[in-house]
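Observations on chain architecture
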Amino acid sequence: MTSWMERILQAFPEDLSQFWIARDPDNLLLDENILRVLRERGFEVLPFEDSIAFRVEYEERYRDAWDRGAEGASKALVLQFQGADLNFLPWDYLRHARRVDLSLADLMPKLNASVIRQIDSTDLERLFAAYNSHASQVLGESMTKEFLLTHLFEVNPHLMRKPETFWRGALGLLYRGVVLPPVLAQYVAKILTDTVLGSLPVEGLLSSKSAMARTVQAAWGRFLEERGVEIEQADVDSGLQATKVVDIPFDHADIRVIVDTLFLEGALQPVNARTVPATLPDWIRLGAIQSPTSLRDLVEGGIRSMAARLPEPKATHRDWTDAARRLAETIHRLHELPSEDAAALRPAMRALQLDVDTRLREWVQKRYQDLPSLPVAKAPVMVHHVPRYLSMRRNAGEEMIALLVFDGMALDQWVQIREYLSARAPDFTTEESGCFAWLPSLTSVSRQALFSGLRPREFQASIETTAQEPSLWNRFWMENGLRPAEVLYRKAIKRTEQLPDLEAAISSPSIKVAGIVVDMIDELVHGAMLGKRGLSGQIREWCETGFVEKLLNLLISRGFQVYVTADHGNVDADGIGRLNQGVISELKGERVRTYRNETLAGSVPSNIEAFAFGGPGLPPDFLPLYASGRGAFVPIGQQVVAHGGMSVEELIVPFVKIGIRKEEDAA
């Protein structure tokens, strides 16, 4: 156990109290590793976000059992309170609970508290270790920034004054999937103002993955053209013309070794080349696709690279969303290959997918229950966090927000749509992350959680239907200060001819928030006959109707901040045998069945490879049984595209903010 964890956990001696109140303004308890160890010791942490919801949980799952001398849902409950004034809490809580105070200012008093509060919670453990080793005196604001850059991000802005040293550090951050908090990116930019790098948008590059990737992508196109590579016109349009092009010394030895990995793992996209000089070095060819053979080599390399960097058992949820993104990029590229090349690589891809799914299942069974409690200020961790995150964005100044839920869209299908938009509408920008669907990854469970902001056990009465989504969406926003007339919900939007009616609805000056279900992909999934590869072709045809770009333009032109997500993904699955149980099973998905009690769940024939996992947040009489591996409850030998299960492609979905490139960034 690390010194950071020990320092937090020492505040909670075992068997000292059943009920605790932790004043925790910096959400220190809501760390995956802290939550895991506390749970192992018999503590359950419950954030105090809604007084009524907390009261119900406390009375039903804890206090009633404790009054009877039983253990309850756990031996001890910790009320995690982010506010400053404990008098906001009910009197009976304050009377019976043991109190604890936790804050970054108390734990690392030699560093400037306002600066270290900008650091992501996943970095605090490493920061505390560096603090104990290197913080010998009290540091002011500027020196705290220097401390963080040096010891946490391994960046020294004073040594980045030349193009090659700056880009070596910047591309290193991109490779590690790291962005600097805005307060540190601004500090680096200020230091570099009077250098040869002064004309670069340093702050934007270092604080945004998408801005960095766009800039590097455009610079790569120019780099290739300067070396005699003739690029397809579409790539020129989407890269060089839409983004301000900067010079990056790609051929510098320290930068070259990073670039090839960025292409292999999908952080950068290779350009389509008409002609490539015979003398072009191999490391450059990796980023210039001239033939199917070139793309096949890239996909093969991507599979190997992915297999070598799979998340470990102690991985965080961010490690898993990063892995899901890299896998999605590789799957998309595989679908772009000619049939013969794709068939040759399919066994390796299948082995990788099964390995990833096995690791994810082991991780989910130990760590998934902590995800609903994690903080959402920087990005939603699970789909039911999305409304709360959007409410925070409104409070931060994004007055009008549109949430597009692409029903059933897997991450690899988002990559396909994103790449299409990059070619057809290069002025769109994307800030991409990922979040977890609810298990089981069924529409009535996960999409309803997404629109309501609730855990499934909180909409138990409607868990088998989506009929209550409009009222749940409205109720959330009414509880967060909006009137019914200011909230819009629309579903089954998927074709261009539907857009005029949608435009009329959102044009009402009263509308502040719009929730829109785009269900074309889910519709295609349920009719897919040729697997996800065939589905990719159908999505391509749908994109070519112009629907997606027209929908985005419509919303952005009306002043909406646009966010795109999905309720669950989908996966290629093989039949393991049909379950003929009549009305025993409540919900009959191809990848999951749900039962009302353990006796009914135990009625599944022993020759069917399946496993049970209740997970957190589900009603007590809602017990899912999942098909093992990438199996489906359909006849043996039948292949389907399905959802409901626990695979990476079903469980981790995109969460993307769509914008329009600012005029000052245009070429």
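Small disclaimer: the values here were computed from a predicted structure and weren't measured.

Brief notes about unusual backbone geometry
Leu-439 connects to Pro-440 through a cis peptide bond whose omega is -5 degrees. Within the fold, Pro-440 resides in the loop between β9 (428-436) and α21 (443-452).

A word on the sheet that holds strand β12 (residues 561-565)
Strand order in this open sheet of six strands is β9-β20-β12-β8-β11-β10, and the pairing throughout is mixed. Pairing within the sheet leaves two strands with one partner each, and these edge strands are β9 and β10 (487-490). On average, each strand axis in the sheet is tilted by 15 degrees relative to the strand beside it, whichever way the strands run. For β9 and strand β20 (residues 652-660), the ladder comprises nine bridges, and the chain directions are antiparallel. Directly across from Cys-435, in β20, lies its bridge partner Val-653. The strands that helix α20 (residues 411-424) touches are β8 (401-406), β9, β12 and β20; relative to β20, the one it contacts most, it runs at about 20 degrees.

Quick look at the layout of surface pockets
Considering only enclosed or pocket space, the second largest pocket measures out at about 400 Å³ in volume. For the second largest pocket, the lining is made up of 20 residues, of which Arg-346, Arg-350, Gly-531, Lys-532 and Asp-572 are closest to its centre. Of all the secondary structure elements, the ones that give two or more residues to the lining of the second largest pocket are α17 (317-336), α18 (339-367), α25 (531-544), β13 (571-575) and β19 (639-642). For the lining of the second largest pocket, the element with the most residues is α18, which contributes five residues.

Considerations on the nonpolar core
With 201 residues, the main nonpolar core has Phe-12, Phe-166, Trp-167 and Ile-417 as its most contacted residues. Of all the elements, α18 adds the most residues to this core, at eight residues. Discounting chain neighbours no more than four positions away, the residues touching Trp-167 are Gly-172, Leu-200, Leu-205, Met-212, Thr-215, Val-216, Val-246, Asp-247, Ile-248, Pro-249 and Ile-255. With 16 residues, the next largest nonpolar core counts Phe-48, Trp-66, Tyr-93 and Ala-97 among its residues.

Structural notes on the pattern of salt bridges
Counted according to the given criterion, the structure contains 51 salt bridges. Of the charged contacts in the structure, one is a salt bridge between Arg-39 and Glu-44, with a shortest N-O distance of 3.1 Å. One salt bridge in this structure joins Arg-63 and Asp-92, with 3.3 Å as the shortest N-O distance. Separated by 29 residues along the polypeptide, Arg-63 in helix α3 (residues 51-67) and Asp-92 in helix α4 (residues 91-96) bring together distant segments of the chain. For Arg-63, a relative accessible area of 24% translates into the label partly exposed. Owing to a relative accessible area of 16%, Asp-92 belongs among the buried residues under this scheme. Linked by salt bridges that have partners in common, Arg-55, Glu-59, Arg-63, Asp-67 and Asp-92 make up one network.

Rules used throughout
- Residues numbered from 1 in each chain as written.
- Predicted model: local features only at pLDDT ≥ 70, side-chain atom pairs only at ≥ 80, totals over all residues.
- Heavy atoms only, no water.
- Helix = DSSP H or I, 4+ residues; strand = E, 2+ residues; numbered from the N terminus.
- Pairing = 2+ DSSP bridges.
- Axes fitted to C-alpha atoms, helices over the stretch in contact; angles between N-to-C directions.
- Contact = heavy atoms within 4.5 Å.
- 1 Å grid on protein atoms, 1.4 Å probe; cavity = no way out; pocket = protein on both sides within 12 Å on 5 of 7 lines; lining within 4 Å.
- Points joined across faces, edges and corners; volume = space filled by probe spheres on them.
- Core = buried A, V, L, I, M, F, W, Y, C linked by side-chain atoms within 4.5 Å.
- Buried < 20%, exposed > 50% of the residue type's maximum accessible area, 1.4 Å probe, protein only.
- Salt bridge = Lys/Arg side-chain N within 4 Å of Asp/Glu carboxyl O.

All we've got here are geometric facts, nothing functional implied.
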